[in-house]
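Structure assessment
Below are the chains, spelled out letter by letter.
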Amino acid sequence: MHGVLSLREARRVVGLGVAPAGRRANRGRYEINQKVIMAAPTPESFDIAMRMADRCAAVAVMSVAMASRTGRPGDLNYRAFHVAAQINGLAPNQRNLISNVTKVLPGLTNAQRERLGFMRPVRSNGLYDVVRRYLDRLTAVLDEGVVIPHSLSFGFGTLLPETYRRKSDGSANWGVPEGYLDGSGACTEPLVLVHSDWHLHATTVSGIDPTLPISGAVAVDGTEFETSARLHGPNRDVDLDGEIEYDPETTGAMRTRGARPLGIGPDDRKVYTLDFDSRSGYRTVTNGRSGGRYTGYEVHLAVQVPALRWTNYVDQVTLGPAVPGFIVNATMTPAGSHRANAIIPALLGSKAAGQELKEVIADPGYSLCSMETYHLPLRLAGISVLHKPMTHQRGIRPTVDGAVLCDDTLLHPATPRNLLASRSARSAGSAPLPYAPPGSDEATRRQYEQPFNQRALWRLRLNRTDSDGTAWFTCPFCEGALSATSLTVHSGRTPGPRAVPVSGHVAHLSRCCNGQIRLAAEELGRWQKIPAGTTAHWKAYHARRQQVENANSALKSSMTQLDKKHTLVFGLSKRRTLLGFTLAAYNYNVGAAHQAR
């Protein structure tokens, strides 16, 4: 099969037949056209949704872009649709169903409709179709692309040529608010072409209260979002885009759930359901479900965590003040898509657009990606990366300019061998030092961390980083952290009172080093400042990464159920559009909880 089948062809393939005339496609089982039961929003929820809409860039942009695409004036405008969807998103245990959004509109008072510029009387009969058609047109506009000012892009989209400044200069949808136009109708800023990924981000961050603190550090993780479309026929293979991105240690055995492909998508991956944008991918094991294969999408979240203020890189860490765990960046891609390519461009674009970003704490699913797609782009942007090396990433690597690279840490060449490999496997080769078993108590964990802490004393110290990412390192003797009476220190520095004596390990050396070690950004590999396995690494990595796990948990249980029944619409753009209101509501709730402390 070549290319994606049409809906008519796919229905024949799976034995559903052709939809009868007049039957509307893409209508979920529970989304039937009936008289809508009015669900009047409370004044508090309406005011909250209005405040979020007022600071949402998507409202200003899409109100202009959709003005000429909605039929008669007053049928439904973008602001009314946005506020209704946001009110639904703020509801406890909400689901992003078109019928739920529709129920909000008949309950608006005359004063509320006036604030929305939506003054036509609302009839409950047929209102579902009005909202559904509006969502269809909205996602069609986003798929075509919307032209917006650069300052509203959040780093998303494609920069258009300087000659493109007026609506008449191209055929794309024009979304430039009047405040960005000069007297001749030209935009005063460079223009950017954006799509549904921008709309998801713009809606998500509208729930962030700008008066609350920002740390500049984020933890990144992904969660699955299954499609409501069903699979057909037997199939046992799964198509992944790019590098392998599941961890055999945590994924568990694959379940061979049946699925017959309906076609090949434009990304050369198999299409298994009538939701043609969904793909098949892997998910890891959790307490609530087993790991294995699923079909749908993956949501990538960057959640704010406290900043790292100071550390001795061995056993002491000082974190910054507590900050609300906002979702500061979010993307959604088909399942099995390359994880680094899904989130890293969004993080870099947001940083270039002015978002404060100094540190990224990565889930192993991202750090498993190649250095060129994950570590290197972040390092070149001046962003520090913290991760936990997995088993196959650990061990002693080839030396770099006289240094030993072990567990993504640069060490002095005289580092004792018993600190580089475990005792049981030292004679056999290079089995790494063991981590503490998951769920260990603090005493057990500290026992496992001791050899890592001792090894961290031998690490090379980062002296400075050039603008091109080149790093300069000095040895621990030149820094005064280690001392040996028989050793000539290259820097001539006298060891301090806290220097650890290691004369017995360097008796075969006459000089500590040959000066600073210079490494280009490409040569650093997955190097990180805080050595893995140390007490400092546990405090800086595991303690903070829990915030993104809390966000995933809220989206899966306490706040809503982000599962196959959460929304019944098909297509990546529609799901992105509706998901943004859920994530914005999560941000609002997190901010309110932080203020209530």
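Small disclaimer: the values here were computed from a predicted structure and weren't measured.

Digging into the overall build of the protein chain
Along the protein chain, the regular secondary structure elements total 15 helices and 22 strands. Within the protein chain, contacts between residues at least 6 apart in sequence are counted, and of these 74% link residues at least 24 apart. By element, 51% of the accessible surface of the protein chain is carried by carbon and sulfur atoms, the whole surface being about 26,300 Å².

With respect to the pattern of salt bridges
In the structure shown here, the tally under the stated rule is 25 salt bridges. The partner of glutamate 224 in a salt bridge is lysine 556, and the shortest N-O contact between them spans 3.4 Å. One end of the pair, glutamate 224, is in strand 5 (residues 217-226); the other, lysine 556, is in helix 14 (residues 535-558), with 332 residues separating them in the sequence. A relative accessible area of 22% places lysine 556 in the partly exposed class.

Observations concerning the nonpolar core
Nonpolar side chains tend to gather and get buried jointly when the protein is soluble and globular. Met62, Phe81, Val146, Trp198, Leu301, Val360 and Tyr374 are the most contacted members of the largest nonpolar core, which has 103 residues in total. Here this core gets 9 residues from one element, more than from any other, and that element is helix 15 (residues 572-596). Membership of the second largest hydrophobic core comes to 24 residues, among which are Phe473, Cys475, Val489 and Cys512.

What about the sheet that holds strand 19 (residues 471-474)?
The 3 strands are arranged 18-19-22 in an open sheet whose pairing can be described as antiparallel. Every interior strand has two partners, whereas the edge strands, strand 18 (461-465) and strand 22 (517-519), have only one. Strand-to-strand, the axes of this sheet are offset by a mean angle of 30°, without reference to chain direction. Here strand 18 pairs with strand 19 via 4 bridges, running antiparallel. Across the sheet, leucine 462 pairs through a bridge with phenylalanine 473, a residue of strand 19.

Description of the pairing of strand 5
In the case of a regular strand, side chains alternate between the two sheet surfaces. Among the 10 residues of strand 5, 10 are classified as buried, and the element is accordingly described as predominantly covered. Residues Ala217, Ala219, Asp221, Thr223 and Phe225 point to one face of strand 5 and Val218, Val220, Gly222, Glu224 and Glu226 to the other, with burial holding for every one of them. Here strand 5 pairs with strand 9 (residues 292-305) via 10 bridges, running antiparallel. Paired with valine 220 across the bridge in strand 9 is alanine 302. When strand 5 meets strand 13 (residues 359-362), the two strands line up parallel, connected through 4 bridges. The residue of strand 13 that forms the bridge with valine 218 is valine 360.

Looking at the environment of serine 184
Relative to the assigned elements, serine 184 resides in the loop between strand 3 (173-174) and strand 4 (191-194). Linking serine 184 and arginine 166, residues 18 residues apart in sequence, is a C-alpha distance of 8.9 Å. At a separation of 2.9 Å, a polar atom in the side chain of serine 184 contacts the side chain of aspartate 182.

Re the packing of aromatic side chains
Enumeration over the complete set of coordinates arrives at 6 aromatic pairs. Judged by centre distance (5.8 Å) and plane angle (25°), the ring pair of tyrosine 435 and phenylalanine 452 falls under stacked. Here phenylalanine 452 lies in helix 13 (residues 442-456) and tyrosine 435 lies in the loop between strand 17 (409-411) and helix 13, a separation of 17 residues in the sequence. Relative accessible area serves as the criterion here: at 22%, tyrosine 435 is assigned to the partly exposed category. Between phenylalanine 473 and tryptophan 527 the ring centres are 5.2 Å apart and the planes differ by 85°, which places this aromatic pair in the edge-to-face class. Within this pair, whereas phenylalanine 473 is found in strand 19, its partner tryptophan 527 is found in the loop between strand 22 and helix 14, the two being separated by 54 residues in sequence.

Section: the side chain of asparagine 100
Note on placement: asparagine 100 falls in helix 5 (residues 98-104). Residues contacting asparagine 100, with those up to four places away along its chain left out, are Asn88 and Arg95.

So, a negative patch on the surface
Together, Glu372, Asp401, Asp468, Glu522 and Glu523 give the surface a local cluster of negative charge. Looking at where aspartate 468 falls in the secondary structure, it is placed in the loop between strand 18 and strand 19.

Considering unusual backbone geometry
Phi angles above zero are rare outside glycine, and asparagine 93 is one such case at about 50°. By secondary structure assignment, the location of asparagine 93 is in the loop between helix 4 (78-90) and helix 5. Even without being a glycine, tyrosine 313 presents a positive backbone phi close to 65°. Tracing the backbone through its elements, the reader meets tyrosine 313 in the loop between strand 10 (308-311) and strand 11 (317-319). Given a relative accessible area of 26%, tyrosine 313 falls into the partly exposed group.

Here's the deal with the side chain of histidine 338
Structurally, the position occupied by histidine 338 is in the loop between strand 12 (327-334) and helix 10 (339-352). One polar contact links the side chain of histidine 338 to the main-chain amide nitrogen of asparagine 341, over a distance of 3.2 Å.

Overview of helix 14
Look at helix 14: 32 Å from first C-alpha to last across 24 residues, which is about the 34 Å you get at 1.5 Å a residue. Those residues of helix 14 not exposed but buried are Thr535, Ala536, His537, Ala540, Tyr541, Arg544, Arg545, Val548, Ala551, Asn552, Ala554 and Leu555.

Describing the sheet that holds strand 2 (residues 158-159)
Pairing within the open sheet is mixed, and its 4 strands lie in the order 2-4-1-3. Lying at the two open borders of the sheet, with one neighbouring strand each, are strand 2 and strand 3. Sheet topology note: the strand 1 (residues 146-149)/strand 3 ladder contains 2 bridges and is parallel. Bridging from a neighbouring strand, valine 146 pairs with asparagine 173 of strand 3. Each of strand 1 and strand 3 is contacted by helix 3 (residues 57-65), which is oriented at about 135° to strand 1, the strand it contacts most.

A few points about the confidence of the model for the protein chain
On average, residues of the protein chain score 84 in pLDDT, and 84% of them are at 70 or above. No element of the protein chain has a lower mean pLDDT than helix 9 (residues 248-251), which averages 46, and none a higher one than helix 8 (residues 196-205), which averages 97. Note on residues 424-428: pLDDT is under 50 here. Beyond four places in sequence and across chains, it has 5 contacts.

A look at the environment of leucine 116
The residue leucine 116 is located in helix 6 (residues 110-116) in this model. Among the residues examined, leucine 116 registers a relative accessible area of 4% and is labelled buried. Dropping the residues within four chain positions of it, leucine 116 is found in contact with Phe46, Met50, Asn77, Arg79, Ala80, Val83 and Leu108.

What counts and what doesn't
Every chain is numbered on its own, with residues counted from 1 as its sequence reads. In keeping with the predicted nature of the model, local features appear solely for residues at pLDDT of at least 70, side-chain atom pairs appear and are counted solely at 80 or more, and the whole-chain, interface and lining totals rest on all residues. Only hydrogens and water are set aside when side-chain values are computed; all heavy atoms of the structure are taken into account. Put simply, DSSP marks the helices as runs of H or I at least four residues long and the strands as runs of E at least two long, and each gets a number from the N terminus on. When checking whether two residues touch, look at their non-hydrogen atoms; a contact exists if any pair is within 4.5 Å. Computed with the Shrake-Rupley method and a 1.4 Å probe, the accessible areas treat only the protein chains shown as cover for residues. Any carboxyl oxygen of Asp or Glu that lies within 4 Å of a side-chain nitrogen of Lys or Arg is treated as forming a salt bridge with it. Buried residues are those whose accessible area, probed at 1.4 Å on protein chains only, stays under 20% of the maximum for their type, while exposed residues exceed 50% and partly exposed ones sit between those limits. Definition of nonpolar core: a set of buried residues of the types Ala, Val, Leu, Ile, Met, Phe, Trp, Tyr and Cys, connected through side-chain atoms within 4.5 Å. Two strands are said to pair when DSSP picks up at least two bridges between them. For helices, the fitted line uses only the C-alpha atoms of the stretch in contact; every axis is such a line through C-alpha atoms, and the angle between N-to-C directions lies from 0 to 180 degrees. Whenever a nitrogen or oxygen atom comes within 3.5 Å of another N or O atom, the pair is scored as a polar contact, on the condition that within protein one atom can donate a hydrogen and the other can accept it, and that pairs from neighbouring residues in sequence are kept only if both atoms are in side chains. Pairing of aromatic side chains here covers Phe, Tyr and the six-membered ring of Trp, requires ring centres within 6.5 Å, and sorts the geometry by plane angle: under 30 degrees stacked, over 60 edge-to-face, intermediate tilted. A patch consists of residues whose relative accessible area exceeds 30% and which take part in no salt bridge; residues with like charges are grouped when within 9 Å of each other, and nonpolar side chains (Val, Leu, Ile, Met, Phe, Trp, Tyr) when within 5 Å. The charged-residue count follows a simple rule in which Lys and Arg add positive charge and Asp and Glu add negative charge, with His and chain termini not counted at all. Every charge is mapped onto a representative atom, which is NZ of Lys, CZ of Arg, CG of Asp or CD of Glu. Helix span, expected: 1.5 Å multiplied by one less than the number of residues in the helix. Per-residue confidence from the prediction method is given by pLDDT, with values spanning 0 to 100.

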